[in-house]
Amino acid sequence: MDRREFVKLCGRCAVCLAAIQAPALAPQRPPDLKAEEGRIVPRQGFIRPFPSPYYESLAGGGVRCTLCPHGCELEDGDRGACGVRMNQGGTLMSLAHANPCAVNVDPIEKKPFFHVAPGTGSFSLATAGCNLHCKFCQNWEISQAEPEQTLNYDLPAKTAVEIATAYGCKSVASTYVEPTIFIEYMLELGRRAKRAGLLNVMHSCGFVNEKPLSDLCKVLDAACIDLKGFTEEYYKTMTGGGLQPVLDSIKRLKAHGVFTELVTLVVPGRNDAPDETKAMAHWIASELSPGVPLHLTRFYPRYKLKSLPPTPVETLLRLRETARSEGLEFVYVGNVPSAEAENTSCPQCGALLIKRRGYSTRIVDLKDGRCGRCGREIPGVFV
Ligand code: SF4
C-alpha cells in the first residue's frame, strides 16, 4: 500500500476529508505493509472487544466503570454513556480498541498545539464515542456515534506507528473525540510511539479519573485540554460533564510533568463573559503557570447550536486581552484568519518567534526552545 492508496482509504472518512488534504508533508520511505494489505480497509462497524482494566465488579454480575467521573454502573449487556464500554458477562469490555474511524496526517497546529513540535505532521486518529455530549460538538458525527455505526479501520498500534514514521510524522495524536474512552489503545500507541522516537500527544476534555490519567501520563509527552468554560453550570448544561474533574486533571498533568496547552471554544452568550475569562486566566496563572498557552477559539454554528451566530472576532480579541491582563504570556485566537493573534512572541523582549497563517507555520527566531534574541526559555516540547 503506497501513500496515495492509504490517503485514498482515509479519504472515505467524510468527517476528516478536509484534514487529509491540508498538510503538505514530504512522503518518506513508503511503509512496508505487505503483510497488512487487505487488513487496512475500513469496515462498517468493525469491532474487536478488548478487556478493560478500569472497572470494579458489583454483586449479581454488574460492573462499575472507573475510567471517568460518570462512574456508569452496568448490568450484563449494558453500555456506558460513552457508547463504547460494555458489560459482557461481568467483564467490562472496550469496543473502541484499534478500530479508529478517523485517521489523518494533520499539521500538529490543528490539535491545536502551538508549542509542541511546531510545523510538523501528527498522525491523528479517533474511534467512535465520547463521554461528553457537548451541544456545540464539531465532530458529533463520530463522537456521538457507537462503533457499530461507523466505518472502522483494523489498525493495531504497531501498524499505526509504522505508518506515522513512514509519513515523517513527529507525533501520534489521539484526538477528534474524547480519546480516553479508547485508553487501552492510547496506552499501546504511546508505548510504541515512544519506542519509535515519536512524541505521543492527546487532545482531551480532561473528564477522566485519576488512576487512568496517571497511567496515561507515563507515555504522554503533551496534552491539549479543553477547558470549555469556567462554571459548573456551563459544563452541566452544555456538555453533560463537570468542571471540577477537568480542573483536577489539568493539575494532575502538571504534577506528572506533561506539557499542557488549554483550549476554550468561546460560544456567544454562553461563556463569553469577561469575568469568566478573567477568573479562568487567573486560575491558570496562579495554579499552573503564566506560561501555559491558552487558545480562545471561534465557535461556528454546529450540531445542537445551529441557531447561534459565530463568535464575533472582536469578542475573541477582547477576551484575549482580558486573559493577558491576568498575566498569561501566550494567548492565541483560533479559527480566525488573524495573523497577529496566532503568532508566538517572546514575553520578555517581544521578538517574533513563530509566525502562523492558518496551518502554515514558520519558525522565525526560536532556537532550542529559547528566544533567538534574548535567550528566554519558551515553554513547550520543541524537537
Ligand atoms: S468511560 Fe464510558 S462507561 Fe466508563 S464511566 Fe465514563 S461514560 Fe461510563
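Residues numbered from 1 in each chain as written. Predicted model: local features only at pLDDT ≥ 70, side-chain atom pairs only at ≥ 80, totals over all residues. Heavy atoms only, no water.

Asks: Just checking my understanding: could you explain the pattern of salt bridges for this structure?
Replies: A side chain with one charge can pair with a side chain of the opposite charge if their charged atoms come near. Taken as a whole, this structure holds 22 salt bridges when the rule is applied. Note that Glu162 and Lys158 form a salt bridge whose closest N and O atoms lie 3.2 Å from each other. You can see Glu162 and its partner Lys158 sitting in helix α4 (residues 157-166), 4 residues apart, about one turn around the helix. For Lys194, the salt bridge goes to Asp221, with nearest N and O atoms at 2.8 Å. Linking Lys194 in helix α5 (residues 183-195) with Asp221 in the loop between α6 (210-217) and β13 (222-226), this pair joins segments that are 27 residues apart in sequence. By sharing partners, the salt bridges in this structure join Glu56, Arg64 and Glu73 into a single network. (Salt bridge = Lys/Arg side-chain N within 4 Å of Asp/Glu carboxyl O. Helix = DSSP H or I, 4+ residues; strand = E, 2+ residues; numbered from the N terminus.)

Asks: Can you help me understand the side chain of Thr127 in this one?
Replies: For Thr127, the location among the structural elements is in the loop between β9 (121-126) and α3 (140-143). On the basis of relative accessibility, which here comes to 1%, the residue Thr127 falls in the buried class. Thr127 has contacts with Ala96, Asn99, Pro100, Cys101, Val177, Ile181 and Phe182, leaving out every residue within four places of it along the chain. (Buried < 20%, exposed > 50% of the residue type's maximum accessible area, 1.4 Å probe, protein only. Contact = heavy atoms within 4.5 Å.)

Asks: Any chance you could explain unusual backbone geometry here in plain terms?
Replies: What you tend to see is this: most non-glycine residues have negative phi, and most peptide bonds are trans. Residue Pro112 is bonded to the preceding Lys111 through a cis peptide linkage, with omega at 5 degrees. One can find Pro112 in the loop between β8 (102-107) and β9. Residues other than glycine seldom take positive phi values, yet Tyr303 does so here, at roughly 50 degrees. In this fold, Tyr303 is placed in the loop between β15 (294-298) and α10 (313-325).

Asks: So what exactly am I meant to see when it comes to the environment of Lys218 here?
Replies: Counting through the fold element by element, Lys218 comes out in the loop between α6 and β13. Residue classification places Lys218 among the exposed residues on the basis of a relative accessible area of 64%. Lys218 sits 31 residues away from Leu187 along the chain, and the two C-alpha atoms are 8.8 Å apart.

Asks: I tried to follow the pairing of strand β19 (residues 360-363) on my own but got confused; where do I start?
Replies: Where a strand is regular, its side chains alternate between the two sheet faces. The pairing of strand β18 (residues 352-357) with β19 spans 4 bridges and is antiparallel. Looking at β19, one finds that Lys355 is bridged to Arg362. (Pairing = 2+ DSSP bridges.)

Asks: Any chance you could explain the nonpolar core here in plain terms?
Replies: Looking at soluble globular proteins, one finds that nonpolar side chains tend to be buried together. Residues Phe123, Leu227 and Ile284 are the most contacted members of the largest nonpolar core, which totals 96 residues. Domain assignment of the residues forming this core places at least three in each of domain 1 (50-94) and domain 2 (102-371). (Core = buried A, V, L, I, M, F, W, Y, C linked by side-chain atoms within 4.5 Å. Domains from an automatic or database assignment.)

Asks: Would you mind going over the sheet that holds strand β3 (residues 55-57) with me for this structure?
Replies: Backbone hydrogen bonds hold the strands of a sheet together, and the pairing may be parallel or antiparallel. An order of β3-β4-β5 is seen for the 3 strands of this open sheet, with the pairing classed as antiparallel. Strands at the two margins of the open sheet, each flanked by one partner only, are β3 and β5 (73-74). Pairing between β3 and strand β4 (residues 63-65): 3 bridges, direction antiparallel. From the neighbouring strand, Ser57 faces β4, where its bridge partner is Val63.

Asks: Is there a simple way to think about the sheet that holds strand β6 (residues 85-88) in this case?
Replies: Here 3 strands make up an open sheet; going across it, the order is β2-β7-β6 and the pairing antiparallel. Strands at the two margins of the open sheet, each flanked by one partner only, are β2 (50-51) and β6.

Asks: I keep staring at the packing of helix α9 (residues 274-288) against α10 and nothing clicks. Help me out?
Replies: Between two packed helices, what matters for the description is the angle formed by their axes and the separation of those axes. Between α9 and α10, the least distance of the axes is 8 Å, while the angle of their chain directions is 35 degrees. Handedness of the α9/α10 crossing: right-handed. Each of Pro274, Thr277, Lys278 and Ala281 in α9 lies in contact with α10, whose residues at this interface are Leu319, Thr322 and Ala323. Counted by class, the contact of α9 with α10 contains 4 nonpolar, 2 polar and 1 charged residues. (Axes fitted to C-alpha atoms, helices over the stretch in contact; angles between N-to-C directions. Left-handed = near helix turned anticlockwise from the far one by under 90°. Nonpolar A, V, L, I, M, F, W, Y, C, P; charged D, E, K, R; others polar.)

Asks: How do you make sense of the confidence of the model for the protein chain when you look at a structure like this?
Replies: Detailed conclusions should not be drawn from predicted coordinates in areas where pLDDT is low. Per-residue confidence for the protein chain gives a mean pLDDT of 91; residues scoring 70 or more make up 89%. Here residues 1-35 is a poorly scored stretch, pLDDT under 50, and it has 56 contacts once near neighbours within four places are set aside; other chains count. (pLDDT = per-residue confidence, 0-100.)

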